[in-house]
Every structure is written in C-alpha cells, then in structure tokens.
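If you want the building blocks of each chain, they are given just below.
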Amino acid sequence: MEKKPHVLRLLLILGLSILLCAEGYFGYQLHELSEQQEQIKEEYSNINNITFGLFSVEQWRDKVSGIVNHQIRDFTLTPQQKKELKKEVEDILLTLIDKAEALVNKPKKTIGGKIKKFAIKTFVNTDSIKAKVPSFATKIIAKVDNPDNKKQMSKMAMSKFDALERAEYLDSTVAATKAATDKVYKKYRVSSTEELNTKLISSLARIKTATYNYSFAMLGCIVIVLSLWWIFRKQRALHATLFIMSLMFAFILLAIGLTASMIEVDARIASLDFMLLGEHVIFENQVLFFQSKSILDVVKVLMSQSAIDSVLVGLLILVFSILFPIMKLSATGIHLLSKKKIAENKVIKYFAFQSGKWSMADVIVIAILMVYIGLNGLLESQLKSLNIKSDLLTVITTNNTALQPGFIIFISFVLYGLVLSTILKFITPHESH
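The structure presented is a predicted model; accordingly, all values stated were derived computationally and were not measured. Residue positions are counted from 1 within each chain, in the order its sequence is given. Selection of residues for local features in this predicted model requires a pLDDT of at least 70, selection of side-chain atom pairs for listing and counting requires 80 or more, and totals for whole chains, interfaces and linings are taken over all residues. Hydrogens and water are ignored here; the side-chain numbers use all heavy atoms of the structure.

(A) Main features of the pattern of salt bridges. The rule for a salt bridge is simple: a side-chain nitrogen of Lys or Arg has to be within 4 Å of a carboxyl oxygen of Asp or Glu. For the structure shown, the criterion picks out four salt bridges. Close ionic contact of Glu-43 with Lys-187 constitutes a salt bridge, the shortest N to O distance being 2.9 Å. Of this pair, Glu-43 sits in helix 1 (residues 3–47) while Lys-187 sits in helix 8 (residues 172–188); the two residues are 144 residues apart in sequence, bridging distant segments of the chain. Each residue is placed in one exposure class: buried if its accessible area under a 1.4 Å probe, protein chains only, is under 20% of its type's maximum, exposed if it is over 50%, and partly exposed if it falls in between. Overall, the relative accessible area of 44% leaves Lys-187 in the partly exposed class. A salt bridge links Asp-91 to Lys-87, with the nearest nitrogen and oxygen atoms 3.0 Å apart. Taken together, the positions of Asp-91 and Lys-87, both in helix 3 (residues 79–105) and four residues apart, correspond to about one turn of that helix. Helix numbers and strand numbers start at the N terminus; a helix is a DSSP run of H or I with at least 4 residues, a strand a run of E with at least 2.

(B) Expanded view of the nonpolar core. Membership of the largest hydrophobic core comes to 50 residues, with the highest contact counts inside it found for Leu-16, Met-218, Phe-243, Phe-249, Phe-410, Phe-413 and Tyr-416. Elements represented by at least two residues in this core include exactly helix 1, helix 9 (193–231), helix 10 (236–259), helix 11 (295–303), helix 12 (308–337), helix 14 (346–354) and helix 16 (405–427). Here the element with the most residues in this core is helix 10; it accounts for 13 residues. With sequence-adjacent residues up to four places away left out, Met-218 is seen in contact with Glu-23, Phe-26, Gly-27, Leu-30, Ile-252, Leu-253, Ile-256 and Ile-409. Here the nonpolar core consists of buried residues drawn from Ala, Val, Leu, Ile, Met, Phe, Trp, Tyr and Cys, with membership extended through side-chain atoms lying within 4.5 Å. Grouped together as the second largest cluster of nonpolar side chains are twelve residues, Leu-33, Tyr-185, Leu-200 and Ile-207 included. Should any heavy atoms of two residues lie within 4.5 Å, those residues are counted as being in contact.

(C) Looking closely at helix 11. Three or more residues of helix 11 are buried, namely Ile-295, Val-299 and Leu-302. Buried residues of helix 11, viewed axially, fall in a sector of 70 degrees; they line one side. Regarding the arc, it is the one traced by the directions from the helix axis to the C-beta atoms.

(D) Fine view of a nonpolar patch on the surface. In this analysis, a patch consists of residues with relative accessible area above 30% that form no salt bridge, clustered at 9 Å for like charges and at 5 Å for the nonpolar side chains Val, Leu, Ile, Met, Phe, Trp and Tyr. Per-residue and other accessible areas were derived by the Shrake-Rupley procedure at a 1.4 Å probe size, with only the shown protein chains allowed to occlude residues. Among the surface-exposed residues, Met-303, Leu-312, Leu-315 and Leu-316 lie close enough to one another that they form a single nonpolar patch of about 330 Å² accessible area. The element best represented in the nonpolar patch is helix 12, accounting for three residues. Here Met-303 is to be found in helix 11. On the accessibility criterion, Met-303 (34% relative accessible area) is partly exposed.

So this is what it looks like as structure tokens:
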C-alpha cells in the first residue's frame, strides 16, 4: 500500500514532464511564429507604405508615363476632329503666308533689299501658294495620324520621364529606398511589389493558422493539468508534486504571454481609384500605420524614451506585471516545498498569498482589451470618413487592428494563476494567513 503513492507520483511526474515538453514546444513555436509574423508584416507595411506609394514621385511617374504612352500611341482622330483640325491648320498656314507677304512688301532702303524684293515678287506667286494650302493641311494631318510618327512622338514624350528617372537617383533618399526594396526582393526571391505581396500574404495566412493552432494546443495542455487536479483531488500525497509541475506550466504561459505579440494596429487605404486623362489610376494596399507589440516590447520602448514619465510607466509595468508574477510563482513553490521556518518567512508568505493585489497582470489584460476596443472604434470612425465613392474618385479604407495570440496566452496565465493561488490555500501544510 505504501508503494502505490510512490508509483503514482513517478507516473504523474513522467506524464506531466512529457506534457510540459509538449507545452514548451508549442510555446516555442508560437513565439517564433509571432516574431516571424511581426517581421513579415513590418516588411509588408514598409513596401506598401503610403510614403512609397501614393506619396511617391516614382510611383506617379510610372503611372502617368504609362497613361501618356498609351494615350499617344492609341491616339486617333475622328472624321469630325480631322475636319476641324484641317481648318485650324489652313488658317495658320494662310496667316503665315500673309505675314511673309507683308514682310516682303515692306519698303526697302538698301539696294540689296530692293533686289530681293523684286526677285520674290517676280518668281513667287503667293496666290498659287495659298491655293495649295488645303492640300498642305491634308498632308500635315496625315503625317500626325501616321502610326510611325505617333510612335516617334511617344518616344519624345517618354524621354522626359526617362530624364526624370535619371534625376531621381541623384537623391540619396530615393536611392536608399530602392536599395532597401531590392534587398527585400532578393530575400523573398521576387522581382516586383505585386509578386512580393502575393508571397507575403500567403505566408501570413499560413502563419496565422499555425499560431492559433499552437495557442489552442497550449491551452489544451493547461486543461489537462487542471483535469488532473480534479482527478487527484483526494490524493493528498500527490498534491505537492502536481502543484510544482503546474507551476512549470504557468512559467511557460507567462514567458510566451510576455514575448508574443498581443495587439496589432493596422490602418490602410485598401484602394484609391481616380480618373486621369480618361484612364483609371489605381493605388492599392496603401499602409497608413502599422505597429505590433508584445508587453515586453512596450516596456523596452517606454524605458528607452528620454521623457521621465515614459520611463516611470515602463518601470511600473516591468515591476508589477512581469517581476511580481515571477516572484509570486517562485514564492508559492518555495512555500509549499520548504520547511516551516522558510515557508513562514514574511517575504515568502507575502509574495505567495498577498502580492496578488499588487500585481498588475490582470490590470494589463483589461487595459489592453480596453485599448483595443477604443482604438478599434476610433480607427473605424476616422477611416470611414475617408471613404469616397463617385464617378471620378473612389477611396476604400480598411482597419485590420486585431488582438493577437499573445493576448490569449497572457489572459490564460492570469486565470490559471488565480486557480493555482486558490488551490495553494487548500493544500498548503502551513498556515496561509
């Protein structure tokens, strides 16, 4: 009979160790995927940022040059337009002839000028030239509408855009942007922004599915641990072992909850479409703002600021939302396993049973949830005011702000910690108050 609890304890340790390894593996994969997702979205937002799209001279040059090239090459004159243009050309030619004739008829003071005037009036018949003006106008119109000439005109127009392109690279900012873009292209083995976006969106969809699967797998492990407490609720000999192993799961939840992304703010113009020279100019996926942060990232950002109030807030979050939970988990384990003298130590007892009221982990959960609700509503209303739909201009905005799996894990740690605190009060062999 005495060996049974010992065997059960060994089996419990073995089973929970395997489950703990699984929990650690799921947590590690979730952490890695969270960082990978944040990096991919950061690169996506940089490539598709409004600064390098809607506000980019290079983008406008490419789109306008395409329209100009297309307009010139596909330019055709209707019969009515040809008739009106021929009349305009005839008027211009007749005006030029009249001005030339007036210059010739102008009184000359020199002998050479008088000789030139006599020769022109003798050998040049302006009336016959004027009679040929309609045929001249017809030939000019035919030349303008000739495909080869239109191609040459297109080259002349595009040469201005080529000159602009060459001038751009004199600007160090544009050159640096191109270098950064080429680096991303090389990393993902693509040659255009469209190809890159397709590849990144596909990767993000896969990562999103995987992160949620790992999150739910971690929660499944916690459910199994809590189920074991119900199964062995009457086996007091196993409670200490089960509690210490349960603490290990709590540490993993805390580590992943602190380092995985918790909230993501993503505001963008999904599509901007307007008419220019009778053709559509379209800008898509113009990112206005993107940020993705974990609790640890927020602390790092606040602590790196020069303002004392930011540093103070970062320090408070560090102490009460990170260090206090770690101290509480450690103190509960020490209290349960140590002898009465150590277990009854004021510091150990304080962190084990009373530090919960000072811990801000639950406050952080509520704060992030409220920030998400408030920020999401604000972005929705602000972006909605940018939406325009008309024949000449269409603007469609999207708000992709969302809570991330890190929030699920952290709130699970808070709830799991409360359960463990309650269990400790029932199983402690020492006085808990």
